[in-house]
Amino acid sequence: MRTADIGLIGLAVMGQNLVLNMADHGYTVAVYNRTTSRTTEFVNGPAAGAAVIGAETLEEFVGRLTRPRRVMVMVKAGRAVDAVLEGLVPLLDEGDIVIDGGNSHFEDSARRVSDLRERGLSFVGAGVSGGEEGARNGPSIMPGGYEAAWPEVKGVLQAIAAKVADGTPCCDWVGPDGSGHYTKMVHNGIEYGDMQVIAEAYHLMRMVLGMTCEEMAGVFRTWGRGLLDSYLVNITADILGHVDGNGEPTLERILDAAGQKGTGKWAVISSLDLGYPLTLVAEAVYARVVSSLRDQRFEAAELVGSGVKQADGLGAEFVDDIHDALYASKIVSYAQGFMLLGAAASEYGWNLDYGRIAQLWREGCIIKAAFLDDITAAFRRRPDLPNLILDRFFADALGNAEAGWRRVVATAVRVGLPVPAYASALAFYDSYRSKRLPANLIQAQRDYFGAHTYERVDRPRGEFFHTDWTRPGG
Ligand code: 6PG
């Protein structure tokens, strides 16, 4: 009977493309799908002639796998993963390995690592990024979980992963528990932020400068050859340049109401749980929510007026300002994202290599960008860097972009155009570098109504005081 080196469960687009990628790299792959017809269609269709073995039952699927068995699960995050595990785990033997490549929540993955260990099995929660194109030709893969399994799955995962220029795979061991899926979650949060800062640049050029899609496509193409060289900037140039059968820009036909599957939201929730600011990503999540309130937006526009007041006297130099606002806000977003990774590592006891994580994202994933090399360099200079803003390279980059960034936010405020990501990033930047913030008044208010006490500037940290604000002299 033909045996397989690895198995994959879940033949949706991502699953199918990962299987074909594995087969391209010399692996024989057994495949199983709950709907058998999909297995048959795949094996006889896209996988025809490839080293792919279809199985109609889980028992047949498991029976095809060489030991230690390696099974990749590519199904919808949540209950579907647990349902697959309920049927699969009893068929596995000690030492076998399950890799979950879906967008699972990191707490679910941590639970699954523990649950499978009780049966002598290994669970790897691997974030996979890059969409169907990445899955087929090279995704970014962020595996974490039971580390003893890594040598058994390293070969196949690094073979199919995207590679940076020197051939290093964008796949390496992240850490224990749910750290792999946590890293993917932070990737997705940053992805939301990247998409929002790009969208705000587009909105400014379209609404304030009155530029056409074709003109904006040219700007993004130019930006994509410089500091903003990235997948998302480059596909934005393609999107802006795309015309329908009538020669009309396709983008103009698309409804301005954004969806979200929730991974960006998860990142914001985690930032609140851990007490770290992920303000730009939060604004990106809420910008999608506000965009979806389209009926209310139209009612508000009728009631209080809408539309962007024209801003006279703005020309090509304002496009350069927008570039600087986008770049500076992107730096803040990544600074916050890596700050959150550090907070999670501290909270959960993970030892994360932030410079390496930036390299995992260098190719294959949605946020892939040349910019990530600068992040790796910063963490190589200072592995315990608390925030990218504290690295001289990024401090200088923000300083150089600051004037244009401020002009863009000021102009947007003056003409009534929302730039939540640019503005929140600027507020974070100004707060993070302030020697004086108004939190002393917050402390006084809290002590006034709740006797929550406060520390003093002239006493050691950790000493707390209370004032009876209702009597003279306190
Ligand atoms: C990736 C993407 C992917 C994500 C989709 C949908 O890394 O390939 O992040 O995992 O699920 O982009 O994301 P939203 O619907 O949340 O925008």
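Scoring rules and cut-offs
Residues numbered from 1 in each chain as written. Predicted model: local features only at pLDDT ≥ 70, side-chain atom pairs only at ≥ 80, totals over all residues. Heavy atoms only, no water. Helix = DSSP H or I, 4+ residues; strand = E, 2+ residues; numbered from the N terminus. Rg over C-alpha atoms; globule rule 2.2 N^0.38 Å. Buried < 20%, exposed > 50% of the residue type's maximum accessible area, 1.4 Å probe, protein only. Areas by Shrake-Rupley, 256 points an atom, 1.4 Å probe, with all protein chains shown as cover. Lys, Arg positive; Asp, Glu negative; His and termini not counted. Charge placed at Lys NZ, Arg CZ, Asp CG, Glu CD. Phe/Tyr/Trp six-rings, centres within 6.5 Å; stacked < 30°, edge-to-face > 60°. Lys NZ or Arg CZ within 6 Å of the ring centre and 35° of its normal. Near = heavy atom within 4 Å. Polar contact = N/O pair within 3.5 Å; in protein donor to acceptor, adjacent residues only side chain to side chain. Nonpolar A, V, L, I, M, F, W, Y, C, P; charged D, E, K, R; others polar. Contact = heavy atoms within 4.5 Å. Salt bridge = Lys/Arg side-chain N within 4 Å of Asp/Glu carboxyl O. Expected span 1.5 Å × (residues − 1). Pairing = 2+ DSSP bridges. Axes fitted to C-alpha atoms, helices over the stretch in contact; angles between N-to-C directions.

A. Examining the overall build of the protein more closely. Each helix and strand in the protein was counted, giving 19 helices and seven strands. The C-alpha atoms of the protein give a radius of gyration of 25 Å, which matches the 23 Å a tight globule of 474 residues would have. Projecting the C-alpha coordinates of the protein onto the three principal axes gives extents of approximately 85 × 65 × 45 Å. Out of the 474 residues in the protein, the part that is buried amounts to 50%. For the protein, the exposed surface amounts to about 22,000 Å²; the carbon and sulfur share of it is 52%. Charge-centre separation for the protein: the mean point of 46 positive side chains lies 2 Å from the mean point of 59 negative side chains.

B. Here's a closer look at unusual backbone geometry. In this structure, the amide linkage connecting Arg67 to the following residue, Pro68, adopts the cis form with an omega of -15°. Looking at the element boundaries, Pro68 is found in the loop between helix H3 (58–63) and strand S4 (70–73). In this structure, Asp177 is a non-glycine residue whose phi angle is positive, near 50°. Structurally, Asp177 is set in the loop between helix H7 (150–160) and helix H8 (179–207). With a relative accessible area of 29%, Asp177 lands in the partly exposed category. The phi dihedral of Thr453 is positive, around 65°, even though this residue is not glycine. Structurally, Thr453 is set in the segment after helix H19 (439–450). A relative accessible area of 22% places Thr453 in the partly exposed class.

C. Fine view of the packing of aromatic side chains. A complete count under the given rule lists 19 aromatic pairs for this structure. Ring geometry for Phe338 against Phe379: centres 5.4 Å apart, planes inclined by 40°, an arrangement best described as tilted. A residue pair is termed long-range when its members are at least 10 positions apart, and Phe338 in helix H14 (residues 316–348) and Phe379 in helix H16 (residues 371–381) qualify at 41 residues. Between Arg288 and the ring centre of Tyr192, over which it is positioned, the NZ or CZ distance is 3.7 Å.

D. Representation of the site of the ligand within the structure. Asn103, Ser129, Lys184, Glu191 and Tyr192 are the nearest of the 15 residues found near the ligand. One of the backbone nitrogen or oxygen atoms of Gly131 is found 3.2 Å away from an oxygen atom of the ligand. Here an oxygen atom of the ligand sits 2.6 Å away from a polar atom, N or O, in the side chain of Glu191. Protein contacts shield 80% of the accessible area of the ligand, which totals 420 Å² for the unbound molecule. The element that contributes the greatest number of residues to the shell around the ligand is H8, accounting for five residues. Its residues assigned to classes, the shell around the ligand comprises two nonpolar, nine polar and four charged.

E. Just H7, in detail. Listed in full, the buried residues belonging to H7 are Trp150, Val153, Val156, Leu157, Gln158, Ala159 and Ile160. Next to the buried residues of H7 lie strand S1 (6–9), helix H1 (13–24), S4, strand S5 (97–100) and strand S7 (140–145).

F. Spatial organisation of the pattern of salt bridges. All told, the structure shown has 29 salt bridges when counted by the stated rule. Residue Asp256 is joined to Arg297 by a salt bridge in which the shortest nitrogen-to-oxygen separation is 3.1 Å. Here Asp256 is found in the loop between helix H10 (231–241) and helix H11 (263–274), whereas its partner Arg297 is found in helix H13 (residues 294–304), with 41 residues between them in sequence. On the accessibility criterion, Asp256 (40% relative accessible area) is partly exposed. Between Arg382 and Asp384 there is a salt bridge, and its shortest N-O distance comes to 3.6 Å. Overall, the relative accessible area of 37% leaves Arg382 in the partly exposed class. Taking relative accessible area as the criterion, Asp384 reaches 57% and is therefore assigned exposed.

G. Focus on the side chain of Ser140. Residue position: Ser140 is located in strand S7. Owing to a relative accessible area of 0%, Ser140 belongs among the buried residues under this scheme. Looking at Ser140, its side chain comes within polar contact range of the main-chain oxygen of Leu360, at 2.7 Å. Residues in contact with Ser140, not counting those within four places in the same chain, are Gly127, Val128, Ser129, Cys170, Leu360, Trp361, Glu363, Gly364 and Cys365.

H. Fine view of the environment of Gly78. In this structure, Gly78 sits in the loop between S4 and helix H4 (79–88). On the basis of relative accessible area, Gly78 is assigned to the partly exposed category, the value being 22%. Taking the C-alpha atoms as reference, Gly78 lies 8.9 Å from Asn103; in sequence the two are 25 residues apart.

I. Geometry of H8. With 29 residues, H8 ought to run about 42 Å at 1.5 Å a step, and its terminal C-alpha atoms sit 41 Å apart, in line with that. Among the 29 residues in H8, 24 count as buried, and that is most of the element.

J. Spatial organisation of the environment of Arg136. Along the chain, Arg136 falls in helix H6 (residues 131–137). The exposure class assigned to Arg136 is partly exposed, which follows from its relative accessible area of 23%. Aside from chain neighbours lying at most four places away, what touches Arg136 is Asn17, Leu20, Asn21 and Asp24.

K. Structural detail: the sheet that holds strand S6 (residues 122–129). Spatial strand order, S3-S2-S1-S4-S5-S6-S7: seven strands in an open sheet with mixed pairing. Sheet topology places strand S3 (52–55) and S7 at the edges, where each strand pairs with a single neighbour. Within this sheet the neighbouring strands show an average axis-to-axis angle of 25°, counted without direction. Sheet topology note: the S5/S6 ladder contains four bridges and is parallel. Bridge pairing in S6 places Ile99 opposite Val124.

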